[in-house]
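# Chains, contacts and geometry: an overview
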Amino acid sequence: MNPYVLATLLSSLGLGTTLTFASSHWLLAWMGLEINTLAIVPLMAQHHHPRAVEATTKYFLTQATAAAVILFASTTNAWITGEWNMTNMSDPIATAMILTALALKIGLAPMHFWMPEVMQGLDLLTGLILSTWQKLAPLALIIQTAHTFDPILLTALGLMSTLVGGWGGLNQTQLRKVLAYSSIAHMGWMIIILQHAPQLTLLALLTYILMTSAAFLTLKLSYATKVSTLATTWSKNPLLTATAALVLLSLGGLPPLTGFMPKWMILQELAKQGLPLTATVMALAALISLYFYLRLCYTMTLTISPNTVTSSTPWRTQTTQASIPLALSTVMALGLLPITPTIVTLVI
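None of the values given here were measured: they were computed from a predicted structure.

## Points about the UniProt feature "domain: NADH:quinone oxidoreductase/Mrp antiporter transmembrane" (unreviewed entry) in the chain
UniProt marks residues 23-288 with the feature "domain: NADH:quinone oxidoreductase/Mrp antiporter transmembrane" (unreviewed entry), using the numbering shown here. Helix and strand shares over residues 23-288 are 76% and 0% respectively, and the end C-alpha atoms of the span are 38 Å apart.

## Side note on the pattern of salt bridges
Scanning the model with the defined rule gives three salt bridges in all. Its salt-bridge partner being Lys58, residue Glu54 comes within 2.8 Å of it at the nearest N-O pair. With Glu54 and Lys58 both in helix 3 (residues 50-81) and four residues apart, the pair spans about one turn of that helix. Among the ionic pairs, Lys58 bridges to Glu117, the shortest N-O distance being 3.9 Å. In this pair, Lys58 is assigned in helix 3 and Glu117 in helix 5 (residues 114-120), connecting sequence segments 59 residues apart. Because the salt bridges share partners, they merge into one network encompassing Glu54, Lys58, Glu117 and Lys177.

## Here's the deal with the environment of Pro325
On the secondary structure map, Pro325 appears in helix 16 (residues 323-335). Through-space distance from the C-alpha of Pro325 to that of Ala215 is 11 Å; in sequence the pair is 110 residues apart.

## A closer look at the domain arrangement of the chain
For the chain, the assigned domains are domain 1 (1-134) and domain 2 (150-306 + 323-347). Once you take the C-alpha centre of each, domain 1 and domain 2 turn out to be 23 Å apart. Every contact between the two is made by 22 residues of domain 1 and, on the other side, 26 residues of domain 2. Around 2,200 Å² of area is buried between domain 1 and domain 2 when both sides are counted, 77% of it from carbon and sulfur atoms. Joining domain 1 to domain 2, the criterion identifies one salt bridge. Across the contact surface, domain 1 and domain 2 share four residue pairs in polar contact (both at pLDDT 80 or more). Of all the secondary-structure elements, those providing two or more residues to the side of domain 1 that touches domain 2 are helix 4 (92-106), helix 5 and helix 6 (124-131).

Rules used in this analysis
Residues numbered from 1 in each chain as written. Predicted model: local features only at pLDDT ≥ 70, side-chain atom pairs only at ≥ 80, totals over all residues. Heavy atoms only, no water. UniProt positions renumbered as here; feature names shortened; annotations may be inferred. Helix = DSSP H or I, 4+ residues; strand = E, 2+ residues; numbered from the N terminus. Salt bridge = Lys/Arg side-chain N within 4 Å of Asp/Glu carboxyl O. Domains from an automatic or database assignment. Contact = heavy atoms within 4.5 Å. Buried area = accessible area lost by both parts, 1.4 Å probe. Polar contact = N/O pair within 3.5 Å; in protein donor to acceptor, adjacent residues only side chain to side chain.

Below, the structure is given as structure tokens:
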């Protein structure tokens, strides 16, 4: 892609998200979401492949539907209340519609069906943008308007997303689909705690972005898109394979890795709020997700591909990818658990 076009599209992505962040007016927020969607569509379709075009079309249709519902619901709310301000959402039907539309935008279950299909058609870097940056603007809107949503609806969305994200990833052979289901499950963790401690939602989002960036950049460096390809990576780059396995375990939420911190604090907060049953279901759903991460780790570190010789290769795969982003995101995805006391002091 032409570097000028790429720069324009990436700056438009930034502009759309910033507009939504800065707005307290529904029309401006909607405009930011639309700019975001229109900026990523050419990035998704840049490889002229039928699967990429199909993924782009599916993404565009779902995002356009969600944006139309947001516009309709905010207009209805403005008609009833007389103002476009986000903080004044007094109509329950409009509020429920906006939550549904924003859930469709970030891929919360049961509005998640587009997410794995779209991810499967994209290259790894665009998939990374889709599963991290594209979540920011809708999540900012959800956090800003969280006090108006029905708590039972938020809890149901959170529980369903963690369960669907766990179950859906179990039988997958494509790594992008596994990461899409992983994204759905993590979104569930963010939504479940939103009404009790929104600062923990932001903490979970930050750690999710770090871990997902590390996972996607690792896969891009080793050119792996299928589970079977992972079995050949250890002979090419043993150290990268070891860190990749740890990053996956961090995504699963195992101590002593970074991914354990948000899960631990969210479960603790749910127990404090007198919701032990919800906390138990969330912990069990995390175990289901952990199973497919362990499956990937097993394939990567403990199996030998039939077409690989047992000695490590004397050469290393040459890559044009910058290794600093991968190194930084991997370190942060693995080693931030010791700063938990500082974070607790800051956020609670």
